[in-house]
Amino acid sequence: MSTRPFSLRNIRPEIPAATINDNMSADERFQNLVLRPIVKFQNELLIEVFKNYVVKHKSVFYDLSLQKRMDYIENAIQKDMKFRNSIKGMVIGLFTVEEYLIYIENSSALNKRMMNIVKERLLSNIQLFEKPELLAAV
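Residues numbered from 1 in each chain as written. Predicted model: local features only at pLDDT ≥ 70, side-chain atom pairs only at ≥ 80, totals over all residues. Heavy atoms only, no water.

A. How the structure looks around helix H4 (residues 66-79). Taking 1.5 Å per residue as the helical rise, H4 with its 14 residues ought to reach 20 Å, and the 20 Å between its terminal C-alpha atoms agrees with that figure. At its buried positions, H4 is contacted by helix H3 (43-56), helix H5 (81-92) and helix H7 (107-124). (Helix = DSSP H or I, 4+ residues; strand = E, 2+ residues; numbered from the N terminus. Expected span 1.5 Å × (residues − 1). Contact = heavy atoms within 4.5 Å.)

B. Just the environment of Ile104, in detail. Positionally, Ile104 belongs in helix H6 (residues 97-105). Looking at Ile104, the relative accessible area reads 39%, which means it is partly exposed. Along the chain, Ile104 and Val34 lie 70 residues apart, while their C-alpha atoms are 14 Å from each other. (Buried < 20%, exposed > 50% of the residue type's maximum accessible area, 1.4 Å probe, protein only.)

C. Representation of the packing of H4 against H7 within the structure. Contact pair H4 / H7: the axes reach a minimum separation of 10 Å and the direction vectors enclose 150°. By the angle between their axes, H4 is roughly antiparallel relative to H7. For the crossing formed where H4 meets H7, the hand is right-handed. Judged by residue contacts, Met70, Ile73, Glu74, Ile77 and Gln78 of H4 engage Met115, Asn116, Val118, Lys119, Leu122 and Leu123 from H7. For the contact of H4 with H7, the residue count by class is seven nonpolar, two polar and two charged. (Axes fitted to C-alpha atoms, helices over the stretch in contact; angles between N-to-C directions. Parallel < 35°, antiparallel > 145°, perpendicular 65-115°, else oblique. Left-handed = near helix turned anticlockwise from the far one by under 90°. Nonpolar A, V, L, I, M, F, W, Y, C, P; charged D, E, K, R; others polar.)

Here it is, written out as C-alpha coordinates:
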(Lines give C-alpha, C1' and ligand atoms only; values in the text may rest on other atoms or scores of the structure.)
Protein backbone atom coordinates (compact mmCIF):
# COMPACT_ATOMS: atom_id res chain seq x y z
CA MET A 1 0.00 0.00 0.00
CA SER A 2 1.38 3.39 -1.00
CA THR A 3 0.92 6.09 1.58
CA ARG A 4 1.20 9.83 1.02
CA PRO A 5 4.41 10.23 3.10
CA PHE A 6 6.08 7.35 1.26
CA SER A 7 5.02 8.72 -2.13
CA LEU A 8 6.17 12.27 -1.33
CA ARG A 9 9.57 11.13 -0.13
CA ASN A 10 9.92 8.75 -3.06
CA ILE A 11 9.52 11.47 -5.72
CA ARG A 12 12.14 13.77 -4.22
CA PRO A 13 15.53 13.75 -5.91
CA GLU A 14 18.58 12.80 -3.88
CA ILE A 15 21.10 15.56 -3.34
CA PRO A 16 24.49 13.97 -2.64
CA ALA A 17 26.07 17.33 -1.73
CA ALA A 18 23.49 17.92 1.03
CA THR A 19 25.31 16.38 3.97
CA ILE A 20 23.68 15.26 7.18
CA ASN A 21 25.64 14.91 10.41
CA ASP A 22 25.12 14.95 14.16
CA ASN A 23 26.64 18.40 14.61
CA MET A 24 24.14 20.31 12.46
CA SER A 25 21.15 22.21 13.78
CA ALA A 26 17.61 20.91 13.41
CA ASP A 27 16.91 23.72 10.90
CA GLU A 28 19.91 22.80 8.77
CA ARG A 29 18.94 19.14 8.89
CA PHE A 30 15.37 20.03 7.78
CA GLN A 31 16.81 22.22 5.02
CA ASN A 32 18.99 19.42 3.65
CA LEU A 33 16.54 16.55 4.09
CA VAL A 34 13.30 18.31 3.10
CA LEU A 35 13.63 21.80 1.60
CA ARG A 36 16.49 21.24 -0.87
CA PRO A 37 15.00 18.08 -2.43
CA ILE A 38 11.54 19.65 -2.74
CA VAL A 39 12.88 22.85 -4.32
CA LYS A 40 14.99 20.79 -6.73
CA PHE A 41 11.93 18.69 -7.59
CA GLN A 42 9.89 21.86 -8.21
CA ASN A 43 12.63 23.55 -10.28
CA GLU A 44 10.83 23.54 -13.64
CA LEU A 45 7.62 24.83 -12.06
CA LEU A 46 9.48 27.57 -10.17
CA ILE A 47 11.10 28.73 -13.42
CA GLU A 48 7.75 28.94 -15.20
CA VAL A 49 6.15 30.69 -12.23
CA PHE A 50 8.91 33.31 -12.28
CA LYS A 51 8.56 33.77 -16.05
CA ASN A 52 4.84 34.38 -15.51
CA TYR A 53 5.65 36.82 -12.68
CA VAL A 54 7.88 38.80 -15.05
CA VAL A 55 5.15 38.96 -17.72
CA LYS A 56 2.53 40.02 -15.15
CA HIS A 57 4.85 42.86 -14.12
CA LYS A 58 5.08 44.34 -17.62
CA SER A 59 8.24 42.43 -18.62
CA VAL A 60 10.57 45.21 -17.35
CA PHE A 61 12.90 42.40 -16.22
CA TYR A 62 13.96 41.78 -19.82
CA ASP A 63 15.31 45.32 -20.24
CA LEU A 64 17.57 45.12 -17.17
CA SER A 65 21.30 44.45 -16.95
CA LEU A 66 22.43 41.13 -15.51
CA GLN A 67 23.09 42.64 -12.06
CA LYS A 68 19.69 44.37 -12.06
CA ARG A 69 18.03 41.09 -13.08
CA MET A 70 19.67 39.40 -10.12
CA ASP A 71 18.43 42.19 -7.85
CA TYR A 72 14.95 41.86 -9.40
CA ILE A 73 14.83 38.14 -8.56
CA GLU A 74 15.93 38.82 -4.99
CA ASN A 75 13.38 41.62 -4.55
CA ALA A 76 10.57 39.51 -6.00
CA ILE A 77 11.30 36.72 -3.53
CA GLN A 78 12.01 38.87 -0.48
CA LYS A 79 9.54 41.74 -0.84
CA ASP A 80 6.54 40.62 -2.92
CA MET A 81 4.49 38.83 -0.28
CA LYS A 82 1.95 37.44 -2.74
CA PHE A 83 4.69 35.89 -4.87
CA ARG A 84 6.59 34.71 -1.80
CA ASN A 85 3.49 33.04 -0.35
CA SER A 86 2.79 31.36 -3.67
CA ILE A 87 6.29 29.86 -3.69
CA LYS A 88 5.96 28.78 -0.06
CA GLY A 89 2.74 26.97 -1.00
CA MET A 90 4.51 25.08 -3.79
CA VAL A 91 7.07 23.82 -1.30
CA ILE A 92 4.87 23.27 1.76
CA GLY A 93 2.33 21.38 -0.35
CA LEU A 94 4.93 18.63 -0.78
CA PHE A 95 5.60 18.24 2.96
CA THR A 96 4.43 15.18 4.80
CA VAL A 97 2.24 15.88 7.84
CA GLU A 98 5.20 15.03 10.07
CA GLU A 99 7.42 17.51 8.20
CA TYR A 100 4.72 20.15 8.40
CA LEU A 101 4.54 19.74 12.17
CA ILE A 102 8.30 20.26 12.36
CA TYR A 103 8.06 23.24 10.00
CA ILE A 104 5.43 25.10 12.04
CA GLU A 105 7.65 24.90 15.13
CA ASN A 106 10.14 27.28 13.50
CA SER A 107 8.47 28.49 10.32
CA SER A 108 10.11 31.92 10.30
CA ALA A 109 13.68 30.60 10.16
CA LEU A 110 12.71 27.78 7.79
CA ASN A 111 10.93 30.23 5.47
CA LYS A 112 14.14 32.26 5.28
CA ARG A 113 16.10 29.14 4.37
CA MET A 114 13.43 28.10 1.86
CA MET A 115 13.44 31.49 0.11
CA ASN A 116 17.24 31.56 -0.05
CA ILE A 117 17.28 28.15 -1.71
CA VAL A 118 14.61 29.25 -4.23
CA LYS A 119 16.47 32.51 -4.90
CA GLU A 120 19.74 30.65 -5.54
CA ARG A 121 17.97 28.18 -7.82
CA LEU A 122 16.39 31.00 -9.88
CA LEU A 123 19.70 32.87 -10.03
CA SER A 124 21.49 29.74 -11.23
CA ASN A 125 18.91 29.46 -14.00
CA ILE A 126 18.97 33.15 -14.94
CA GLN A 127 20.01 32.31 -18.51
CA LEU A 128 16.56 30.76 -19.01
CA PHE A 129 14.88 34.11 -18.42
CA GLU A 130 15.21 35.70 -21.81
CA LYS A 131 12.52 37.69 -23.53
CA PRO A 132 10.26 35.33 -25.45
CA GLU A 133 10.36 36.07 -29.14
CA LEU A 134 7.07 37.11 -30.69
CA LEU A 135 5.81 34.88 -33.43
CA ALA A 136 6.30 36.47 -36.80
CA ALA A 137 3.20 36.84 -38.94
CA VAL A 138 3.37 34.46 -41.87
